[in-house]
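Structural features, examined
Each chain, letter by letter, is given below.
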Number of protein chains: 2
Amino acid sequence: MSLVRPNVRLLCRRVINQIRTYAAPGEGAIPLSKKKYVPASGTYPLGFQAGSAHVGVKASNTRFDDLALIASESPCSAAAVFTTNKFQAAPVTVSRDMLKRRSGSGVRAVVVNSGCANAVTGKGGIEDAVTMGEQTDQCFIRDNNGEDDGNGSRTIVMSTGVIGQRLPIRKIVDKLPTAYFNLGDTHDHWLSAARAICTTDTFPKLVSRTFSLPSSSEEYHLVGMTKGAGMIHPNMATLLGIICTDAPIDPKPLQEILTSAITKSFNSISIDGDTSTNDTVAILANGAAGGKPITTTSGADFQAMQETLTEFAIDLAKLVVRDGEGATKFVTIKVVNAKTYQDAKRVASTIARSPLVKTALYGKDANWGRILCATGYAEGVESVVPEETSVSFIPADGSEELKLLVKGEPEQVDEARAAEILAEEDLQILVKLSEKYDKEAVVWTCDFSHEYVTINGDYRT
Amino acid sequence: MSLVRPNVRLLCRRVINQIRTYAAPGEGAIPLSKKKYVPASGTYPLGFQAGSAHVGVKASNTRFDDLALIASESPCSAAAVFTTNKFQAAPVTVSRDMLKRRSGSGVRAVVVNSGCANAVTGKGGIEDAVTMGEQTDQCFIRDNNGEDDGNGSRTIVMSTGVIGQRLPIRKIVDKLPTAYFNLGDTHDHWLSAARAICTTDTFPKLVSRTFSLPSSSEEYHLVGMTKGAGMIHPNMATLLGIICTDAPIDPKPLQEILTSAITKSFNSISIDGDTSTNDTVAILANGAAGGKPITTTSGADFQAMQETLTEFAIDLAKLVVRDGEGATKFVTIKVVNAKTYQDAKRVASTIARSPLVKTALYGKDANWGRILCATGYAEGVESVVPEETSVSFIPADGSEELKLLVKGEPEQVDEARAAEILAEEDLQILVKLSEKYDKEAVVWTCDFSHEYVTINGDYRT
């Protein structure tokens, strides 16, 4: 693979100043400003392997890998959270059914294609998703490495890309053995898989870390990859996430830990307020590192695992915001002093969705009126009392907060200081609702730029 | 006034190719493509007059009128619908109180400034709004034309512009007599008032018509003006509307007629999903044309008036969409076969709000997947059944519909035909939910363009 890199780099140098195109990005195409988010190394969970292959799901993609395979050497506990959109893509239906049929046990792999979402494709689309899973199973069976246990497919299937077009399923099936053959456990293997699931993403999103649990002496590992860019809003838009750990966790606590982690991570980010047909975040736990299994939904290990996974999922989800389509800013919206977590989150989400707030941030305009306005029209919220509401900018460099509104009264804003704060890529907006209450929520979002319009005005071509 | 026009035209010719600026537009600055929406004449209700004056509410506005006055020669019934935002601007609070105190009777005038919203301005802002109303009353009293009836102010106050800045109330009060002196009943008077309430609007929005009622032989008149452009979403964003009629209608039926008309007009349009602190649509009925008054909320006259006003308000509201910030398309979203009107409207509104749908329309991309996707995530809707959902484009020229999805199955779309349809300024998106149901709703919206981002990235400067 290293042999072709110089050519890819040449190609990429030419497109680096153009808008992002709909294809998995080659390594050289990663914008300079985003390179710091792509890890140069990692520590990966035992017993997992990753690989990728080039299919050309989109005919225009003649060189970038667009099929990814993540596999465990031994059967895993698995759990997933799926889109709430009423139009659910075929892979969502098929993967949900598989996990239900297996009660989250004995799962071996996740297979993902980019370039086509296999959504709104009728019965044929369901058959394609089933085939994609079964043919992945066959790779293991042919390799004497995954005998049939009579419970059907062991593979979670994911697709991302254009809606309403059938998968080129023969081309995908033909290349599954290549992806299987390419499996490996090095950093480059994980990174190539993370790259293959990308669509309009400008960089692959891969995070890994080690952790421990109170009742074991073992060192455990987590790896996660995700893709996003557009159509991202609470309830996980065209967003895929795959997390693997070598800690031993039973399916039931695993599902509970994942669901809770996602509420505060992938369901707390917003790019454009759209919620897609395909989003799925799945976790596989193979227990390969040994130690005492987590079998219940309580206890010190369960709690610790929940905290660890939530923090990890937040790190992953933030990368999606960093790569929001056309984004120039990373904005943390923190709402405090709400009556409930739900109230706080609704206000934060409403601010995060407001095109007027997002374009003002893009324009580096300290237009707190729009923040307040969005606070005021958040639906179903009880905690908003105009004369108790305060709004501040919290600078990313740790310097003093800039108060914009204090208990309903506008401050004399130092515009030079505001401009300074808004010139930074990172910004926190802090909204205090009422001192009577003490619940809070955080939502991460980005700004709305000319480039977002460019990217999405011409996506299918 | 005709003497200064050539200068204004010269100035405007220079800025015509630039982005719209935050100021009431001069006549010459109206884009060529929008001129057809500005009437050259009108038929106006008896006993009403309109006028305007230049205040310079925004210091940068050195020449365009930014204060409008609409007055009736005799006391009117009045009704209004206000923003649902929890942060309500001072003029909203003051006008609501005035109408309540007067039970909608004896109202004489509407006074409006553009350039500053007088929102989030605390007690001082309330005092300013009260002053603005009372000083307008004073013009009538000084003119021996509006003696105090002991029920306080007779004026509805409106403001639109930047949030969080105090009104330059002395400058406004100083120019109220000028606006009063400029009152008149010609087409030019109405148009100048319609122009003075504009902010980022590119053209003044004025509609007039005649109508009759079943039980009278009189000819009645309606005039309406509105301003909008950004921050527009169901529940009326930074949107002001003023409607006057010379039909005789009591306050109670007038309020009911207005509320109902607004549900299907101003609350059925969406530019960017933001709902502002200031929106107000008010109606004044002075009965100057005579005939039998509408005194109850039933009967043939009441019904006819309701239908007439709904249709009229739709015409006005559509002009706001025509002038959506940066809009290049006028899109009618019709959702049929829903269980309830609310279901249909929620689906239509969700499609209208989706940045992905709106940027695809801007890019002339027949991306029905995004339409379907938005249909699928509309909240609290029961009528959506994926395998019964159909989506079509209805061309503006009356030619055959282009089916994109029929009962959940994608059509082979003729992309050349789709491109033809999307090249037109006007487009209807038709979504059929389920043949079991028969309720429908229509929402009007526009696309999301680069210019929207430009306008809103730098609004306050």
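Since this is a predicted model, take the numbers as computed values, not measurements.

Calculation criteria
- Residues numbered from 1 in each chain as written.
- Chains lettered and ligands numbered in written order.
- Predicted model: local features only at pLDDT ≥ 70, side-chain atom pairs only at ≥ 80, totals over all residues.
- Heavy atoms only, no water.
- Helix = DSSP H or I, 4+ residues; strand = E, 2+ residues; numbered from the N terminus.
- Buried < 20%, exposed > 50% of the residue type's maximum accessible area, 1.4 Å probe, protein only.
- Contact = heavy atoms within 4.5 Å.
- Areas by Shrake-Rupley, 256 points an atom, 1.4 Å probe, with all protein chains shown as cover.
- UniProt positions renumbered as here; feature names shortened; annotations may be inferred.
- Polar contact = N/O pair within 3.5 Å; in protein donor to acceptor, adjacent residues only side chain to side chain.
- Pairing = 2+ DSSP bridges.
- Axes fitted to C-alpha atoms, helices over the stretch in contact; angles between N-to-C directions.
- Arc of directions from axis to C-beta.
- Salt bridge = Lys/Arg side-chain N within 4 Å of Asp/Glu carboxyl O.
- Phe/Tyr/Trp six-rings, centres within 6.5 Å; stacked < 30°, edge-to-face > 60°.
- Lys NZ or Arg CZ within 6 Å of the ring centre and 35° of its normal.
- pLDDT = per-residue confidence, 0-100.
- Parallel < 35°, antiparallel > 145°, perpendicular 65-115°, else oblique.
- Left-handed = near helix turned anticlockwise from the far one by under 90°.
- Nonpolar A, V, L, I, M, F, W, Y, C, P; charged D, E, K, R; others polar.

Scanning chain A from terminus to terminus reveals 12 helices and 15 strands. Residue burial in chain A is summarised as follows: out of 461 residues, 62% are buried. Residue pairs in contact within chain A that sit at least 24 positions apart in sequence constitute 80% of those at least 6 positions apart. Total accessible area computed for chain A in this model is approximately 16900 Å², and 49% of it derives from carbon and sulfur atoms.

Turning next to the UniProt feature "binding site: substrate" (unreviewed entry) in chain A. Residues and elements named next belong to chain A. Taking the UniProt record as the reference, the feature "binding site: substrate" (unreviewed entry) is found at Thr199, Lys227, Thr238, Glu325, Asn456 and Thr461. In this fold, Lys227 is placed in strand S6 (residues 220–227). A residue is classified by how much of its surface remains accessible, and Lys227, at 1% relative accessible area, is buried. At a separation of 2.8 Å, a polar atom in the side chain of Lys227 contacts the side chain of Thr160.

A few words now on the environment of Phe211(B). Residues and elements named next belong to chain B. For Phe211, the position within the fold is in strand S5 (residues 205–211). Taking the C-alpha atoms as reference points, Phe211 and Ala304, separated by 93 residues in sequence, lie 9.7 Å from one another. Setting aside residues no more than four positions away along its own chain, Phe211 makes contact with Glu218, Glu219, Tyr220, His221, Leu222, Thr245, Ala247, Met305 and Thr308.

Before going further, it helps to spend a moment on helix H5 (residues 187–196) of chain A. Among the 10 residues that make up H5(A), 8 are buried, leaving the element largely enclosed by the rest of the structure. Buried residues of H5(A): His187(A), Trp190(A), Leu191(A), Ser192(A), Ala193(A), Ala194(A), Arg195(A) and Ala196(A), and no others.

A word on the side chain of His221(B). Residue and element names in this part refer to chain B. For His221, the position within the fold is in strand S6 (residues 220–227). A relative accessible area of 10% means that His221 is categorised as buried. One polar contact links His221 to Asp246, side chain to side chain, over a distance of 2.7 Å. Sequence-distant contacts of His221, defined by excluding residues within four places in its chain, comprise Thr43, Tyr44, Pro45, Leu46, Arg209, Thr210, Phe211, Cys244, Thr245 and Asp246.

It is worth spelling out the sheet that holds strand S14 (residues 426–432) of chain A at this point. Residues and elements named next belong to chain A. Read from one edge to the other, the open sheet built from 7 strands follows the order S8-S15-S10-S14-S11-S12-S13, with strand pairing classed as mixed. Taken across any chain shown, the strands that pair with only one partner, and hence form the sheet edges, are strand S8 (269–270) and strand S13 (409–410). Along the sheet, helix H7 (residues 300–322) contacts S8, strand S10 (330–338), S14 and strand S15 (439–446); its crossing angle with S15, the most-contacted strand, is approximately 40 degrees.

With that settled, consider helix H11 (residues 415–423) of chain A. Residues and elements named next belong to chain A. Looking only at H11, the buried set comprises Ala418, Ile421 and Leu422. Mapping the buried residues of H11 onto a view down its axis gives an arc of 95 degrees, with all of them on the same face. Opposite the buried face of H11, by more than 90 degrees, sit the exposed residues Ala416 and Glu420. Regarding H11, its N-cap is Asp414, as a side-chain oxygen of that residue lies 3.1 Å from the backbone nitrogen of Ala416 further along.

Now for the pattern of salt bridges. Residues and elements named next belong to chain A. Scanning the entire structure with this criterion turns up 24 salt bridges over all chains. Notably, a salt bridge pairs Glu311 with Arg209, separated by 3.3 Å at the nearest N-O pair. Residue Glu311 is found in helix H7, and its partner Arg209 is found in strand S5 (residues 205–211); the two are separated by 102 residues along the sequence. One network of salt bridges, with partners in common, ties together Asp201, Lys205 and Asp323.

In the UniProt entry, the feature "active site" (unreviewed entry) is given for Thr238(A). In this structure, Thr238(A) sits in the loop between S6 and strand S7 (240–245).

Right, let's talk about the packing of aromatic side chains for a bit. Any aromatic ring pair is given by two values, namely how distant the centres are and how the planes are angled relative to each other. If you walk through the whole model with that rule in mind, you get 8 aromatic pairs over all chains. Here Phe211(B) and Tyr220(B) contribute two aromatic rings whose centre-to-centre distance is 5.6 Å and whose plane-to-plane angle is 35 degrees, an arrangement assigned as tilted. A relative accessible area of 5% means that Phe211(B) is categorised as buried. Above the ring of Phe203(A), the side-chain terminus of Lys205(A) is found at 4.3 Å from the ring centroid. Here the guanidinium or amino end of Lys264(B) rests over the ring plane of Tyr341(B), the centre of that ring lying 5.0 Å away.

Residue and element names in this part refer to chain A. This prediction gives chain A a mean pLDDT of 85; 87% of its residues lie at or above 70. In the model, residues 231–237 has pLDDT below 50 throughout and makes 52 contacts with residues more than four positions away in sequence or in other chains. This prediction of the complex comes with two scores: 0.78 for pTM and 0.71 for ipTM.

So, about the packing of helix H8 (residues 341–353) of chain A against helix H10 (residues 368–377) of chain A. Two quantities define a packed helix pair, namely the angle between the axes and the distance from one axis to the other. All names here are of chain A. It is the contact of H8 with H10, at a shortest axis distance of 8 Å, that shows an interaxial angle of 130 degrees. By the criterion of interaxial angle, the relationship of H8 to H10 is oblique. Pair H8 / H10 crosses with right-handed handedness. Judged by residue contacts, Val347, Thr350 and Ile351 of H8 engage Ile371, Ala374, Thr375 and Tyr377 from H10. When its residues are assigned to classes, the contact of H8 with H10 shows 5 nonpolar, 2 polar and no charged.

With that out of the way, let us pick up the sheet that holds strand S8 (residues 269–270) of chain B. Residues and elements named next belong to chain B. Pairing is mixed across the open sheet formed by 7 strands, whose spatial order is S8-S15-S10-S14-S11-S12-S13. On the outer flanks of this sheet lie S8 and strand S13 (409–410), each paired with one strand and no other. In the sheet, strand S11 (residues 390–395) pairs with strand S12 (residues 402–406) via 3 bridges, with the strands oriented antiparallel. Its bridge partner lying in S12, Phe393 is registered against Leu402.

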